[in-house]
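# Tertiary structure, described
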Amino acid sequence: MTREIKEAVARLIREGIDKARRKGELVSCDLPDITLEIPSERNHGDLATSIALRLSSHLNLPPRKVAEVIVKHVKAISPQPSRPVRDKFPLGGSSIISQIEVAGPGFINFFLAREALYPVLGDIEEEGANYGRSNLGKGKKVLIEFVSANPTGPLTVAHGRHGAVGDALANILQMVGYEVHREYYYNDVGHQMDILGKSVQARYRQLRGEESPFPEDGYKGNYITGIAQEIARECENVDRGDSGFFRSFAEEKILESIKKDLEDFGLKFDDWIKEKDIYESGQVKKTLERLRKEGHIYQKEGALWFRSSHFGDEKDRVVEKSDGQPTYLAPDIAYHQNKYERGFHCLIDILGPDHHGYVERLKAAIEALGHEKDSLKVIILQLVSLYRGKEKLPMSTRAGEFIALRQVLDEVGKDAARFFFLMRTTNSHLNFDLDLAKSQSTENPVYYVQYAHARICSILDFAAKRGVEVKKVEEVDLSLLKEKEELEMLKTLAQFPEVVESCARALEPQGLSSYLQELAGGLHNFYTKFRVIGPGDGNLGSARLILVKAVRTTLRNGLRLLGVSAPEKM
RNA sequence: GCGCCCGUAGCUCAGUUAGGACAGAGCAGCGGUUUCCUAAACCGCGGGCCGCGUGUUCGAGUCACGCCGGGCGCACCA
């Protein structure tokens, strides 16, 4: 429901309670926030409040009695267009309500007058691609770090989910008024990269017919052999004893393929940060030094420990091993400090479930460095299992038996992949069925939503061919829209900005994909029952054209936020 | 043993952030809809001790505590 409608109704309730108090029918007490919700049950009205239930214990009156008193006074308030939103349909006073009732244990249900629903069409016409935009974020700078896969192998399906969720969240946060920066961080130094180099080196030697043992913990995927073959093809005078050469060659190749995959998946990052840069700029040393000075670091058994237990972590953590090498945590602390120093005071990290134990120590570190613990929000994104129908596919990265994101993209396409990754809440495991994502049938929710968009385009094409123009809201009698299906769509349209905001607040894009399915459903339902172009004197058609065009705008906006295309033809 | 996530219809999942009305959707199953803007669509019908228990509350799928079951972690790895 639009904010204007909710505010108007809440204002009515408050006025009703005030009147009852002045007449002595209700005693005064602290008034809780008047919350209005959209009941799940149709015949419970368009908006409902449980205010009477909340007040009853303070007032020492049965809840139904409280509700009845409030309703009596609300009904007596005369229509006052206190805040006209649009000339034709002033929103305010009781004129937007068609019926009020007390129900159940003491709920107050409001049924909206049709006139209250029409202004949303004017909003959508006016705002267009900006419909759904708000200023919740007030321009605050947010840095969202996601994917951040190390260049040791191709992106997996799990990275795909991270990419889809991170990008959608970034879009949503931008839509509600944050200034969003997308960042990718990767480790280009250290043990894992050395193993990568040695793995490629071994494969290269084997290609040359040498006896060369494969490292025990090496990367076994076929792509390693592929890189070795490229070296054999492209490079002369290879020093086959220099694993560093193989490492940097592999890093470059893999990074290149990662970037290509991300591009084809529609992901763009504002910055790529390398672990090496964090070291070379001296930030690791500087940050550890600062922690040490402030007493958060101590020496024990030859290693340096960060006193994270002082900040809520279950135990202290090593930041520098007894051999003098820093642990992974050290550059990561420095990297996060670096984010703050660049002016970001709201950080979001998207991590896999294998990193959940890591969150507390990271938060401890940022707190030790003087930042608000809550200024870092970590989204733990649960795993993805791939299915082909009923069959579960193996996903062992170690053994090199995994389906790469690339294969999924090639097989089901960007749109289906994106949508599927966004269909579940972030903290539930995702079962991704390749067969379903591919099927061009009624079962596939991506096509369901896209098809609604294409259908509307088709109606508008048809109208253009017939010489029927799409008029402006001001020129049309919107009150001709009175079928149940039309009013349902109007209500759904009006909810869009709130849905975007609630996704932003919860850092959870799933709500948006559900919303789009609902809006598409409303359109399909309407479409099969009524005609837009054709019957009548044309006035009804004009009103319906405006309605379906508004649905198209909203579907487009929603799909754009999810990173899914809105095709005009299918 | 400890920590995090999950447990809701035959299947896949919403609903738990902020407690409210007889718990929703999609798919699968069964039956129907096309002289008309794309049938990749629509309509109808069944189907549930919300894992179990105790507590808080006027009210618990939602909160607290304890169990049971599944997943993922618990490194001087990254």
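About the thresholds
Residues numbered from 1 in each chain as written. Chains lettered and ligands numbered in written order. Predicted model: local features only at pLDDT ≥ 70, side-chain atom pairs only at ≥ 80, totals over all residues. Heavy atoms only, no water. Helix = DSSP H or I, 4+ residues; strand = E, 2+ residues; numbered from the N terminus. Buried < 20%, exposed > 50% of the residue type's maximum accessible area, 1.4 Å probe, protein only. Areas by Shrake-Rupley, 256 points an atom, 1.4 Å probe, with all protein chains shown as cover. Near = heavy atom within 4 Å. Polar contact = N/O pair within 3.5 Å; in protein donor to acceptor, adjacent residues only side chain to side chain. Salt bridge = Lys/Arg side-chain N within 4 Å of Asp/Glu carboxyl O. Contact = heavy atoms within 4.5 Å. Patch = residues over 30% accessible without salt bridge, like charges linked within 9 Å, V, L, I, M, F, W, Y side chains within 5 Å. Lys, Arg positive; Asp, Glu negative; His and termini not counted. Charge placed at Lys NZ, Arg CZ, Asp CG, Glu CD. Pairing = 2+ DSSP bridges. pLDDT = per-residue confidence, 0-100. Axes fitted to C-alpha atoms, helices over the stretch in contact; angles between N-to-C directions. Arc of directions from axis to C-beta. Phe/Tyr/Trp six-rings, centres within 6.5 Å; stacked < 30°, edge-to-face > 60°. Core = buried A, V, L, I, M, F, W, Y, C linked by side-chain atoms within 4.5 Å. Parallel < 35°, antiparallel > 145°, perpendicular 65-115°, else oblique. Nonpolar A, V, L, I, M, F, W, Y, C, P; charged D, E, K, R; others polar.

Take the overall build of chain A next. Helix and strand counts for chain A come out as 19 helices and 14 strands. Across its three principal axes, chain A shows a C-alpha extent of roughly 90 × 65 × 40 Å. Looking at chain A as a whole, 52% of its 570 residues qualify as buried. Here chain A displays about 26400 Å² of accessible surface, and carbon together with sulfur accounts for 46% of that area.

We note that Ser148 has phi near 45 degrees; this positive angle belongs to a residue other than glycine. As for its placement among the helices and strands, Ser148 is situated in the loop between strand S4 (141-145) and helix H5 (157-175).

Around RNA strand B there are 56 residues in total, and Phe107, His356, Ser458, Phe530 and Arg531 lie nearest to it. Each atom of RNA strand B within 4 Å of the protein belongs either to a base or to sugar and phosphate, the latter forming 65%. Within the side chain of Lys321, one N or O atom sits 2.7 Å away from a phosphate oxygen of RNA strand B. A distance of 2.3 Å separates a base nitrogen of RNA strand B from a polar atom in the backbone of Phe530.

Below, the discussion takes up the pattern of salt bridges. Per the stated rule, a full pass over the model turns up 30 salt bridges. Between Arg418 and Asp167 there is a salt bridge whose closest N-O contact spans 2.9 Å. Placement of the pair is Arg418 in helix H14 (residues 414-421) and Asp167 in helix H5, with a sequence separation of 251 residues. Where Arg205 meets Glu210, a salt bridge forms, and the shortest distance between an N and an O atom there is 3.7 Å. Note on Arg205: relative accessible area 24%, which makes it partly exposed.

An α-helical segment advances 3.6 residues per turn. Residues three or four places apart therefore align on the same side. Residues of helix H4 (residues 119-127) that are buried: Pro119, Val120, Leu121, Gly122, Asp123 and Ile124. On the buried face of H4, the contacting elements are helix H17 (484-506) and helix H19 (539-562). Just downstream of H4 lies Gly128, where phi reads positive at about 55 degrees.

Looking now at a negative patch on the surface. A cluster of acidic residues, Glu125, Glu469, Glu474 and Glu475, forms a negative patch at the surface. Inspection of the secondary structure assignment puts Glu125 in helix H4.

So, on to the pairing of strand S2 (residues 97-103). Pairing of S2 with strand S3 (residues 107-112), which is carried by 6 bridges, proceeds in the antiparallel orientation. Bridge assignment links Gln99 to a residue of S3, and that residue is Phe111.

Moving on, we get to the confidence of the model for chain A. In the predicted model, chain A carries a mean pLDDT of 89, and 94% of its residues have values of at least 70. For the stretch residues 81-91, pLDDT sits under 50, and the model shows 31 contacts to residues farther than four places along the chain or on other chains.

Right, let's get into the sheet that holds S3. Strands sit in the order S1-S3-S2 across an open sheet of 3 strands; the sheet is antiparallel. One side of each edge strand has no neighbouring strand; the edge strands of this open sheet are strand S1 (47-49) and S2. For this sheet, the mean inter-axis angle between neighbouring strands, taken without regard to orientation, is 20 degrees. As paired strands, S1 and S3 are joined by 3 bridges and run antiparallel to one another. Paired with Thr49 across the strands is Ile108, a residue of S3.

Bringing helix H13 (residues 405-412) into the picture now. Among all positions of H13, only Leu405, Val408, Leu409 and Val412 are buried. Summarising the axial view, the buried residues of H13 lie within an arc of 100 degrees, below the 170-degree limit, and thus occupy one face. Against the buried residues of H13 lie H5, helix H8 (243-264), strand S12 (384-388), H14, strand S14 (430-433) and helix H15 (434-438).

Counted according to the given criterion, the structure contains 17 aromatic pairs. Pairing Tyr184 with Phe269 gives two aromatic rings, centres 5.3 Å apart and planes at 90 degrees, and the pair type is edge-to-face. Here the residue Tyr184 occupies a position in strand S5 (residues 179-186), and Phe269 occupies one in the loop between H8 and strand S6 (271-274), the gap between them amounting to 85 residues. Take Tyr184 and Phe269: they sit in the same class, and that class is buried.

Ile70, Leu121, Phe421 and Phe432 are the most contacted members of the largest nonpolar core, which totals 145 residues. Counting residues per element, this core draws most heavily on H19, at 11 residues. Excluding residues that lie within four positions of it along the chain, Leu121 makes contacts with Val473, Leu478, Leu481, Leu490, Leu493, Ile546, Leu547 and Ala550. Core analysis: the next-biggest nonpolar cluster, separate from the first, contains 27 residues, Leu143, Ala330, Ile333 and Phe344 among them.

Taken in spatial order, the 3 strands of this open sheet run S13-S12-S14, and their pairing is mixed. Looking along the sheet, the strands with just one partner apiece sit at the ends: strand S13 (391-392) and S14. Judged from the 2 bridges that link them, S12 and S13 form a sheet pairing that is antiparallel. Paired with Tyr387 across the strands is Lys392, a residue of S13.

For the rest of this paragraph, the subject is the side chain of Lys339. Looking at the element boundaries, Lys339 is found in helix H11 (residues 329-341). In this structure the side chain of Lys339 is engaged in a polar contact, spanning 2.8 Å, whose partner is the side chain of Glu145. Leaving out residues up to four positions away in the same chain, Lys339 has contacts with Leu143, Glu145, Glu183, Phe344, Leu347 and Asp349.

For the pair H5 and H19, the least separation of the axes is 7 Å and the interaxial angle reads 130 degrees. Here H5 is positioned oblique relative to H19, judged by the angle of their axes. Counting all contacts with H5, which are made through Ala168, Asn171, Ile172 and Met175, the residues of H19 involved are Arg560, Leu561 and Leu562. Here the contact of H5 with H19 is composed, by residue class, of 5 nonpolar, 1 polar and 1 charged.

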